[in-house]
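These are the residues of each chain, in order.
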Amino acid sequence: MKYFLRKLGMLAFTLFVSISINFFIPRLMPGDPARALLDKMEGLPPEQIESVRAAFGLDTGDSLLVQYGKYLGNTLRGDLGVSFSRFPMPVTQVLRIAIPWTIGLLALCMVISFALGTAIGIAAAWKRETRLASFSVGLFSFIRSFPYFWLGLIFIYFFAFRLRLFPIGGAYAVTETRGSAAWWLSVLRHGTLPALTICVSSIGGWMLMMRNNMINVLAEDYITVALAKGLPLRRVKALYAAKNAILPSVTGFAMSLGFVVGGGLLTEMVFSYPGVGYMLYQAVNAKDYPLMQAIFLFIAAAVLVANFIADIAVMILDPRVRDGAA
Amino acid sequence: MGSVPTLELRDLRAGYSTKKGFVRAVDGVSFRLERGEFLGIAGESGCGKSTLAYAVMRLLRDNARIESGQVLFNGTDVAAMPEAGVNALRWTGMAMVFQSAMSALNPVLSVGEQLTDAVLAHRNATKAEAEAMAVEMLGLVDINADRLRGYPHQLSGGMKQRVMIAMALILKPDLLIMDEPTTALDVVVQRSIIEKIDELRRALGFSVVFITHDLSLLVEISDSLAIMYAGKICEYGRSRALFDEPLHPYTEGLMGSFPTLTGPVVRMGGIEGRAPDLLSPPPGCRFAPRCARAFEGCGREDPALRDIGGGRLCACRLREPGREGGRR
């Protein structure tokens, strides 16, 4: 419990720090978002420029500290400002459109590839003398070295462009009514290639990581003890070997869940998939500072929350962590 | 003595395949262990005593294997059994306590789970029955029953080893193999562990094979002793007789390498040189290169372990009939 509260406190603190950094970093950058926005509106009469400034909240003569205070208050209330490029939509609303796609596609794929990769890693370590196991190590090392975006382009070229089995980009067919069965089917069809890309390029890492952990754990004395006890091999494999070997993977998994948002950026760009990564790309192109800031905040929060979840998972799995011994 | 012994090894050979060849760590070992007997096996590190223990339990994995010979447990050859048969015998017939108390327990399972899982695997018992057995065994090794819910990292080294002993005895095996069970513990704890084992043996009647590099541990509690050198037994006999009058020069050397607490102050002996490489053991007697009393014949012919009367066996040409050092 003490461990849990400590981690919760840590989460709150790091979130606060990342929110603050998210405020100060853009203000340390050369250039001025207000000027950039206004430059785009050249030729507008001055009173209209003034009203635009007011609408975006760029008219303040406040000091940095006062701005910071206002920013913190607004952030806590969930008000992240208004998007430049999709005016007058609030940034949070823009994000709300993108997040389900990212969570649905990326997070689901990560969970699948983690589960599959870990299971294959366990099997490959357990039967490591077999030819199939050594072959799988070679295969997954090879697959792992494919970059996400490259694999995505290859898939698009063969399956979408040449064979025309799947759509080239987007997340759903615009011609179907949202929510209808045909629309859901189109979501699946659009999601297949990006999902394959992410699964294939990330599964190798999980497999190799779990296999290596497992092989180290299998050399431990308690494995010999478990075998000497004549326990069913299934139990030795699951509760003596895998339960110990999975601890580092769980931590790694949560970290990558957070980074998925960033790592998925390339995949989303390649497939024009309307998730957070693609939106960030558009925001950068459009110099949409409030949106960028909100996305950065979202990524930072995702990493932190995922880490927190990993800490809790490890706490459940490892009694030493529960006691604060490790 | 006519009954079937708990354990009998017949010309057991076992070792490890390496890139350079087969390392025969156990080379033709034979002995009998009667019911309730306490046999100590002593020798330097690398003499093959742990390999012997693992071979008896059929625990040699990866590049290690039993090459030839028989491991007769209650008259059945464990070395020739199918894996399923061995697995059924493990912990029910013979159990083992390992060297490293610190790492022999699974850190992510509770003490209770680790005590009861062997019961549940081998006996048709309910969880509650298994836990009752675990509580009883913990009581025997003086550990409080509330430790069942605890985890290994909450225990001290000595407690872990006592939990391990409770675990090994929970199914009342006929044979308990102890592979240097006290090496990782301090001297005071060593003492209490050994006394506990002796006490339990008297109460439960199992046989013990106790492997150690520290001969002094075995002085008081072992019935018989086997001294191992370079994969072979070089001397065997009742403990008392062996201590009073060691026959093999290596045994003498081993006994000269530990201090007594009560006896007169003597200069510590020790043995010059190091144990031979088992990949290519020296010709003739394996101890000859380090033996102060070797003579010209020792380097040629490997002396057999021969019976020299009084239940004593010795593999040394000094003890052959007609030699000046032979027993009268």
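Residues numbered from 1 in each chain as written. Chains lettered and ligands numbered in written order. Predicted model: local features only at pLDDT ≥ 70, side-chain atom pairs only at ≥ 80, totals over all residues. Heavy atoms only, no water.

Peer 1: Help me understand the overall build of chain A, please; the structure alone is not making it clear to me.
Peer 2: Broken down by element type, chain A carries 13 helices and zero strands. The linear arrangement of helices and strands in chain A, starting from the amino end, is α-α-α-α-α-α-α-α-α-α-α-α-α. When its C-alpha atoms are laid out on the principal axes, chain A stretches across 85 × 55 × 40 Å. At a minimum sequence separation of 6, the contacts of chain A that also span at least 24 residues come to 72%. (Helix = DSSP H or I, 4+ residues; strand = E, 2+ residues; numbered from the N terminus. Contact = heavy atoms within 4.5 Å.)

Peer 1: How do you make sense of the sheet that holds strand β1 (residues 7-18) of chain B when you look at a structure like this?
Peer 2: Strand pairing in a sheet relies on backbone hydrogen bonds, with the paired strands running either antiparallel or parallel. Residues and elements named next belong to chain B. Here we have four strands laid out as an open sheet, ordered β2-β1-β4-β5, and antiparallel in their pairing. The open sheet terminates on both sides in strands that have one partner only, identified here as β2 (21-33) and β5 (76-77). Relative to β5, strand β4 (residues 64-73) is paired through two bridges, and the arrangement is antiparallel. Each bridged residue has a counterpart across the sheet, and for Phe-73 the counterpart in β5 is Thr-76. Helix-sheet contacts for helix α1 (residues 49-56) involve β1, β2 and β4, and the interaxial angle to β1 is about 110°. (Pairing = 2+ DSSP bridges. Axes fitted to C-alpha atoms, helices over the stretch in contact; angles between N-to-C directions.)

Peer 1: Explain helix α8 (residues 181-218) of chain A to me, please; I cannot follow it from the model alone.
Peer 2: Residues that lie three or four places apart on an α-helix share one face, since the helix turns once every 3.6 residues. Here α8 of chain A is 38 residues long, yet its end C-alpha atoms lie only 49 Å apart, well below the 56 Å a rise of 1.5 Å per residue gives. Most pronounced at Thr-192 of chain A, the bend in α8 of chain A amounts to some 40°, and the proline Pro-194 of chain A follows within four residues. (Expected span 1.5 Å × (residues − 1). Bend = angle between axes of the 7 residues up to and from the residue.)

Peer 1: Honestly, the pattern of salt bridges in this entry has me stumped. Any pointers?
Peer 2: Where charged atoms from two side chains of opposite charge come close, those side chains can pair. Within the structure shown, the criterion is met by 26 salt bridges over all chains. With its nearest N and O atoms 3.1 Å apart, the salt bridge here joins Asp-117 of chain B to Arg-235 of chain A. With Asp-117 of chain B in helix α3 (residues 111-122) and Arg-235 of chain A in helix α10 (residues 233-270), this residue pair bridges two chains. Asp-117 of chain B gets classed as buried once you look at its relative accessible area, which sits at 3%. Glu-235 of chain B is the salt-bridge partner of Arg-312 of chain B, the closest N and O atoms lying 2.8 Å from each other. Taken together, the residues Arg-312 of chain B in the loop between β11 (306-307) and β12 (313-314) and Glu-235 of chain B in strand β10 (residues 232-238) connect sequence positions 77 residues apart. Residues Arg-312 of chain B and Glu-235 of chain B agree in their burial class; the two are buried. Here the salt bridges share partners, and the residues they tie into one network are Asp-11, Arg-13, Asp-27 and Arg-286 of chain B. (Salt bridge = Lys/Arg side-chain N within 4 Å of Asp/Glu carboxyl O. Buried < 20%, exposed > 50% of the residue type's maximum accessible area, 1.4 Å probe, protein only.)

Peer 1: When you look at the interface of chain A and chain B in this model, what are you seeing that I'm missing?
Peer 2: Interfaces are frequently sized by the accessible area removed from exposure as the parts join. If you look at the interface, chain A gives 28 residues, while chain B gives 28 residues. At the junction of chain A and chain B, the tally comes to two salt bridges. A salt bridge links Asp-117 of chain B to Lys-229 of chain A; its shortest N-O distance comes to 2.9 Å. Across the chain A-chain B interface, the total number found is 16 residue pairs in polar contact (both at pLDDT 80 or more). Put simply, the parts of the chain that give the side of chain A that touches chain B at least two residues each are α9 (221-228), α10 and α13 (319-322) of chain A. Of all the elements, α9 of chain A adds the most residues to the side of chain A that touches chain B, at seven residues. (Polar contact = N/O pair within 3.5 Å; in protein donor to acceptor, adjacent residues only side chain to side chain.)

Peer 1: Before we go on, may I ask you to explain empty space enclosed by the protein in this structure?
Peer 2: Rolling a probe over the atoms, with the probe sized like a water molecule, indicates the empty space that remains. Residues and elements named next belong to chain B. Going through the model one piece at a time under the given rule, you end up with two cavities of 30 Å³ or more. Reported here for the largest cavity is a volume of approximately 60 Å³. Taken together, His-248, Pro-249, Cys-285, Phe-287, Ala-288, Cys-291, Ala-294, Cys-298, Pro-303, Cys-316, Arg-317 and Leu-318 make up the full set of residues lining the largest cavity. Of the residues that constitute the lining of the largest cavity, the class distribution is ten nonpolar, one polar and one charged. Within this model, the second largest cavity holds a volume of roughly 40 Å³. Lining the second largest cavity we find Leu-7, Phe-31, Ile-41, Leu-52, Ala-53, Val-56, Leu-175, Ile-177, Val-209 and Ile-211. Counting only elements with at least two residues in the lining of the second largest cavity, the list comes to α1, β7 (175-179) and β8 (207-212). The biggest single contributor to the lining of the second largest cavity is α1, with three residues. The residue makeup of the lining of the second largest cavity, split by class, is ten nonpolar, no polar and no charged. (1 Å grid on protein atoms, 1.4 Å probe; cavity = no way out; pocket = protein on both sides within 12 Å on 5 of 7 lines; lining within 4 Å. Points joined across faces, edges and corners; volume = space filled by probe spheres on them. Nonpolar A, V, L, I, M, F, W, Y, C, P; charged D, E, K, R; others polar.)

Peer 1: I would appreciate a short explanation of the confidence of the model for chain A in the present structure.
Peer 2: Low pLDDT marks regions whose predicted coordinates should not be analysed in detail. Residue-level pLDDT values for chain A average 85, and 90% of them are 70 or greater. By mean pLDDT, the top-scoring element of chain A is α9 of chain A (93), and the lowest-scoring one is helix α2 (residues 33-40) of chain A (67). (pLDDT = per-residue confidence, 0-100.)

Peer 1: How should the packing of helix α5 (residues 91-126) of chain A against helix α12 (residues 289-317) of chain A be read in this particular structure?
Peer 2: A pair of packed helices can be characterised by two numbers: the angle between their axes and the separation between those axes. All names here are of chain A. Two elements in contact, α5 and α12, have axes separated by 10 Å at closest approach and are oriented at 55°. In this view, α5 runs oblique relative to α12, as classed from their interaxial angle. Remark: the crossing between α5 and α12 carries right-handed chirality. Mapping the contact onto sequence places Val-91, Val-94, Leu-95 and Ile-99 in α5 and Pro-290, Leu-291, Ala-294, Ile-295 and Phe-298 in α12. When grouped by side-chain class, the residues that make up the contact of α5 with α12 number nine nonpolar, no polar and no charged. (Parallel < 35°, antiparallel > 145°, perpendicular 65-115°, else oblique. Left-handed = near helix turned anticlockwise from the far one by under 90°.)

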